Structure formats: C-alpha cells, structure tokens
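These are the residues of each chain, in order.
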Amino acid sequence: MKTENQRAWFFVLPVLILVAFNALVPLMTVVNYSVQETFGNNQFFWHGLGWFEDILRSERFHAALGRQLFFTATILIIEIPLGVVIALAMPRKGFWVPVCLVLMALPLLIPWNVVGAMWNIFTLPDIGLLGWTLNNVLGIDYNMTQSPVAAWITVIVMDVWHWTSLVVLLAYAGLISIPEAYYQAAKIDGASNWSVFRYIQLPKMKRVLTIAILLRFMDSFNIYTEPFTLTGGGPGNSTTLLSIDLVKIALGQFDLGPAAAMSLIYFAITLAVSWLFYTLMTRDEQ
Amino acid sequence: MRPRSLVPIIYILFLLLPIYWLVAMSFKTTNEILGGFSLFPQEWTLANYRAIFTDPTWYWGYINSIIYVTINTLISMAAALPAAYAFSRHRFLGDKHLFFWLLTNRMAPAAVFALPFFQLYSAVGLFDTHLAVALAHGLFNIPLAVWILEGFMSGVPKELDETAYVDGYSFPRFFATIFIPTIKAGVGVAAFFCFMFSWVELLLAKTLTAVEAKPIAATMTRTASSAGYELGLLAAAGVLTIIPGAIVIYFVRNYIAKGFALGRV
C-alpha cells in the first residue's frame, strides 16, 4: 500500500523542472501568438479568438484533418491486428527468440528521415527494387510522384513497415507473461484455439494493447518527418497530413497567428481522443 | 517446420527488403545507380563510405548525434529514477494529475513546438549546443522513462524497502545498491527507449542546431537537396545511422521481452 508522504515532491522536482521548462514556456509562446496579429517588424496586435474561428472554418484545415484521421485510422486497423497475429506466431523460447526480436526491432531504431529516404529509394519507379518490380515484372503502373493513390498506399505501407514491430514487441511481452498452467488447463477443458485466444491470451494482452494503441495513436497523429521526406505532402497536397500543413503555415509562410491557433486545436484533439480512449480502456480495472 | 512459423519469417523478410536495398545502393557507383536497375552491385565500391569518413561535416554529424543522445539518456534516467520511485511508493498532493500531465507531453506534436523551442533555446544561450537537443528531447523521453520505471518499481514488493531500513541502510545507499539492481531490467528498457526516441527524432534536433551540434540526420537532408541527387552517398549515410541502433538492440535483446513482461508497460 502506498503511504502518504508530501516530501515525495522533492523526488519529483527535477522531472517537474526539466519537463516544465520544455513544455510550459513553448506552450505559452504558442498561446501568445495564437491571439495576436503581426505585420512583421516584431509588432503584435491583439486579435482575440479570430484565428481560432478562421482555422475552425477553413476548408484547408478540414481537409488536412480528414486526411490525418483517415491515415491514423487506417494504420491502427492494419498494425494492431497484424502485430497480434505475428506475436501469436512467434516462438516462445529457444534460439530464435532473440534473433526475431533483434530483427523486428530494427526499423524502430532508424532515424525517421532515413526511413523516408529509404522508402523513397526503394520505390523509385526506374531504379528502386519495389518500384521497378511493380512496373516491369508485375506490369502495374506505379509512380508515387504522379498518382495520389500510389502515394497514399506507399505512405501507409511505410508506416506499417516502420511501426508494426512496436505492437509485436508489446503484444509478445503480454503473451509470455501467461503461465504455462493456463494453457494446460485449457487443453484439459478441450478449448479450441479461438477460445484460448479469446479467453486467455486476449485478456492478458489487454493492458499492453492499450499502451500499444495509445502510443500508435499519439505518434501517428503527430507524424511529420517520414511522410514529408517520402512525398513532401504530394502529389498536389494529397498526402499533406496535419503536421505537414502546420509546418508549411508556420515556417513556410511564417503566419504565426494561424499556425499557433492550429497547433492548439491540434493538441486539444490529440489530448481529448487519448483521454477518452484511456478512460474507456481502463474503466473495467477500477 | 510448422506452418505458423512462416508468419514471422515473411514479416522479417518484408522488414529486411528496403534495408537490403539501401545497403545495396550504398555499395554502387553513381554511374551504376543512374545507369539503370541492378539487383546486386555490379562493381562494388567503398567510395561512398570513404567520402563520409574523410569529410568532417559528415562524420561530425555522427559524433554530434551520439553525444546528445548519450547526454539525453543520462539526464532522463537520472531525473526519472527518483520521480518514478516517488510515484510508485508514495501518495502526495496532486500526484495523479502530475502523472497525467507528464504523459500529455508525449502527445504534443513536435511540429507545434519547433519555432518556440528555437526562440526559447536562443534566449537562454544554448542554441546549437548538444545540451539544447538533449534537454529538448527530455520533453518526450523523461515522461516515458517515468512511466516505464514506475511500472517496474510497482512490481517490487514494499517489504524490500522496509527490510533494508531495518538493516540500517540509509535511503541513498538502499536506492543505489539494492533497489536499482533489483529493477535493472526496467532501467535497461527505459534507457533503451530514451536512446531510441532521441536517436530517431529529427525535427527538434534540426531546429535547435546550426553547425556545432548538427545531427547526422540533418546533414543528410542537406545532401538530398543541395549537392544534387547523390543516392549512393545518401544510402551509405543511411546505413551508418542504422548501425548504432542495431548494436544497442543486440545488447538489450534479452531485456526487451523479459522487461516488458515484468513491468506494467
């Protein structure tokens, strides 16, 4: 049982100072920009909530948000079940376990722009392995820089390549924590594979899967570097996800007010969805 | 071989294909790359790697990245260990709110913070230093480390602490010589994640540096844009960024699975 101890605050203080320095100061800067109008020369004028109204009404924001939601939903629907299936099929002990883990963790440790550059090289229609094979062996007309559909499929396959391993590692950790006795009991009862999965493995994985879904939601909703390196948001702006659009407005056009307002709306959406999901998933535990 | 072991094999092949292509490209000459498609390098060349190892702007990129990732891992772990202990052992005013607030910092899009970070670190005179990137990456690494370590520490029965005090251990001595060794799998997993997220992040690292602390990943974007399209060089630099990660995974391979299972992660 935890004990009441206010002095514990001293233990938390270093973390509080370090994170607050990085989180609160920039956040206040963003809030500050979001309610002001600037015409350059470092002159700022009060603009109230005007930027927020503009952003919430702007079709450009709606389109980027729509693309972002579609992207996040698609990769979650693919990566979570796929990760579970792979984790279930992995060996539980022996020589091959560390081999599988090391190889599977590899994509997680590649810098994000290298992931984008690697997939760019891989999918070049004339000299990339995948692009060349699709065009010349399978006879599919594939060119990411011209077809929005091809660009979308490539961005999604790249994300599946990059992040499914995280789901596999987490799900696998949940699986190996199940005592052997559970399986023996199930065998004696004559349980089918499906009921072993449904009533033993899935409940045991619930906690790690909650974490996997939360992490994948947060990270995919904030994704920037990989799709930007791969497609630059194109062709046109068909793969311009929310943060790519944000960086375009903030650093490309230097429209600080609208960019700041958009940042705050963006952050609020991420927070709300994460909180809702977290509450729903952990409700049964209380 | 059972049919179900085909699933991980196919998955791993899928993971390795783009990596193979990057490695193959890095050993090709520019002429061969531009000349057309070839599955294997026809004439192996080390020219791309030689170019990187002889050019200080390239190899300093690696050194810079390794320096700030190491500083970040050390700072994050040093701050997160006592904090995680406090969260796992004590109740105090506002503890739950604080914990959730810490986690929310993982949700903030890095793109949102890029510009204010630049202004903040310029204002305190840390712009273009390794420390700036290490501190900035603490924004998402410290909360993650606290989260992971708290899970591991809560798995250790409180009797361990009490026995140590009865035996006359002071708190610092107990923490350093008994408690940390008990949760060393957790420390390994948390340090691994700090290393990983700091190593792979580019946007903040690029925003906070110019010359002195420029990370390798940022050097690569320069090559892709300004020096024409030197695919071979780009591929070789990419291959070299995979190696430190691969070494780290090899060392923590046993902790990853075991660590996840023990902790509440």
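From a predicted model like this one, the values you see are computed outputs, not experimental measurements.

**Quick notes on the overall build of chain B**
For step 1, the next point in the chain: Of the regular secondary structure elements, chain B holds 13 helices and one strand.
For step 2, the next point in the chain: Ordered by position from the N terminus, the helices and strands of chain B form the series α-α-α-α-β-α-α-α-α-α-α-α-α-α.
For step 3, the next point in the chain: Counting only residues that meet the buried cut, chain B has 46% of its 265 residues in that class.
For step 4, the next point in the chain: When contacts within chain B are restricted to residue pairs at least 6 apart in sequence, long-range pairs at least 24 apart make up 80% of them.

**Topic: the overall build of chain A**
For step 1, the next point in the chain: Looking only at helices and strands, chain A features twelve helices and three strands.
For step 2, the next point in the chain: Summarising its shape, the C-alpha atoms of chain A cover approximately 75 × 70 × 30 Å along the three principal directions.
For step 3, the next point in the chain: In chain A, which comprises 286 residues, the share counted as buried stands at 42%.
For step 4, the next point in the chain: Here the analysis covers contacts within chain A between residues at least 6 apart in sequence; of these, 70% occur between residues at least 24 apart.

**A closer look at the interface of chain A and chain B**
Note on interface size: it is often stated as the accessible area lost on association of the parts.
For step 1, the next point in the chain: At the junction of the two partners, chain A supplies 75 residues and chain B supplies 80 residues.
For step 2, the next point in the chain: With 14 residues, the single largest contributor to the side of chain A that touches chain B is helix α1 (residues 8-34) of chain A.
For step 3, the next point in the chain: For the side of chain A that touches chain B, a count of residues per class yields 57 nonpolar, 14 polar and four charged.
For step 4, the next point in the chain: As judged from the two bridges shared by strand β1 (residues 3-4) of chain A and strand β1 (residues 90-91) of chain B, these two strands associate in the parallel manner. Bridge assignment links A:Glu4 to a residue of β1(B), and that residue is B:Arg91.

**Here we look at unusual backbone geometry**
For step 1, the next point in the chain: Although it is not a glycine, B:Asp128 sits at a positive phi angle of roughly 65°.
For step 2, the next point in the chain: Structurally, the position occupied by B:Asp128 is in the loop between α6 (110-123) and α7 (130-154).

**Here's the deal with the nonpolar core**
For step 1, the next point in the chain: In terms of nonpolar packing, the biggest core is built from 155 residues, with A:Ile121, A:Ala171, B:Ala80, B:Ala83, B:Val146, B:Leu149 and B:Ala190 touching the most fellow members.
For step 2, the next point in the chain: Among the elements that take part in this core, α7(B) stands out by supplying 16 residues, more than any other.
For step 3, the next point in the chain: Three or more residues apiece are contributed to this core by two domains, here domain 1 (1-45) and domain 2 (56-230 + 240-262) of chain B.
For step 4, the next point in the chain: When near neighbours in sequence (up to four residues on either side) are disregarded, B:Ala80 contacts A:Val15, B:Ile142, B:Ala145, B:Val146, B:Leu149 and B:Ala190.

**Observations regarding the confidence of the model for chain B**
For step 1, the next point in the chain: For chain B, per-residue confidence averages 83 on the pLDDT scale, and residues scoring 70 or more make up 92% of the total.
For step 2, the next point in the chain: Interface confidence for the predicted complex, given as ipTM, is 0.86, next to a pTM of 0.87.

**Some remarks on the environment of A:Leu101**
Residue and element names in this part refer to chain A.
For step 1, the next point in the chain: Its place among the elements puts leucine 101 in helix α4 (residues 96-105).
For step 2, the next point in the chain: Exposure remark for leucine 101: the 21 C-beta atoms within 10 Å place this residue in the buried category.
For step 3, the next point in the chain: Separated by 71 residues in sequence, leucine 101 and tyrosine 172 have C-alpha atoms that sit 9.7 Å apart.

**Brief notes about the environment of B:Val23**
For step 1, the next point in the chain: Looking at where B:Val23 falls in the secondary structure, it is placed in helix α1 (residues 6-26).
For step 2, the next point in the chain: Sequence separation between B:Val23 and B:Ala236 is 213 residues, and the spatial gap between their C-alpha atoms is 7.1 Å.

**Regarding helix α11 (residues 242-252) of chain A**
All names here are of chain A.
For step 1, the next point in the chain: Most of α11 sits out of view: eight of its eleven residues are buried.
For step 2, the next point in the chain: Considered for burial, the residues of α11 that qualify are Leu242, Ser243, Ile244, Asp245, Leu246, Val247, Ile249 and Ala250.
For step 3, the next point in the chain: Just downstream of α11 lies phenylalanine 254, where phi reads positive at about 55°.

**Let's talk about helix α8 (residues 180-188) of chain A**
For step 1, the next point in the chain: A small share of α8(A) lies buried, amounting to zero of its nine residues.
For step 2, the next point in the chain: A positive phi of about 70° marks A:Gly190, the residue just after α8(A).

**So, the domain arrangement of chain B**
For step 1, the next point in the chain: According to the domain assignment, chain B consists of domain 1 (1-45) and domain 2 (56-230 + 240-262).
For step 2, the next point in the chain: One C-alpha centre belongs to domain 1 of chain B, the other to domain 2 of chain B; they are set 32 Å apart.

**Some words on the packing of α7(B) against helix α10 (residues 184-200) of chain B**
Relative placement of two packed helices is described by the angle separating their axes and the distance separating the axes.
All names here are of chain B.
For step 1, the next point in the chain: Orientation of α7 relative to α10, taken along the N-to-C sense of each, is 160°, at an axis distance of 9 Å. In terms of their interaxial angle, α7 and α10 are classed as roughly antiparallel. Crossing angle aside, the handedness with which α7 passes α10 is right-handed. Counting all contacts with α7, which are made through His137, Phe140, Asn141, Leu144, Ala145, Ile148, Leu149 and Phe152, the residues of α10 involved are Gly186, Val189, Ala190, Phe193, Cys194, Phe197 and Ser198.

**A word on the packing of α1(A) against helix α4 (residues 56-89) of chain B**
For step 1, the next point in the chain: As a packed pair, α1(A) and α4(B) sit with axes 8 Å apart at the nearest point and diverge in direction by 135°. Looking at the two axes, α1(A) sits oblique to α4(B). Judged by the sense of rotation from one axis to the other, the crossing of α1(A) with α4(B) is left-handed. Taking contact as the criterion, the partners of A:Ala8, A:Phe11, A:Val12, A:Pro14, A:Val15 and A:Leu18 in α1(A) are, on α4(B), B:Ala79, B:Ala80, B:Pro82, B:Ala83, B:Tyr85 and B:Ala86.
For step 2, the next point in the chain: Its residues assigned to classes, the contact of α1(A) with α4(B) comprises twelve nonpolar, no polar and no charged.

The rules behind these values
- Residues numbered from 1 in each chain as written.
- Chains lettered and ligands numbered in written order.
- Predicted model: local features only at pLDDT ≥ 70, side-chain atom pairs only at ≥ 80, totals over all residues.
- Helix = DSSP H or I, 4+ residues; strand = E, 2+ residues; numbered from the N terminus.
- Buried ≥ 20, exposed ≤ 12 C-beta atoms within 10 Å, placed from the backbone.
- Contact = placed C-beta atoms within 7 Å.
- Nonpolar A, V, L, I, M, F, W, Y, C, P; charged D, E, K, R; others polar.
- Pairing = 2+ DSSP bridges.
- Core = buried A, V, L, I, M, F, W, Y, C linked by C-beta atoms within 7 Å.
- Domains from an automatic or database assignment.
- pLDDT = per-residue confidence, 0-100.
- Axes fitted to C-alpha atoms, helices over the stretch in contact; angles between N-to-C directions.
- Parallel < 35°, antiparallel > 145°, perpendicular 65-115°, else oblique.
- Left-handed = near helix turned anticlockwise from the far one by under 90°.

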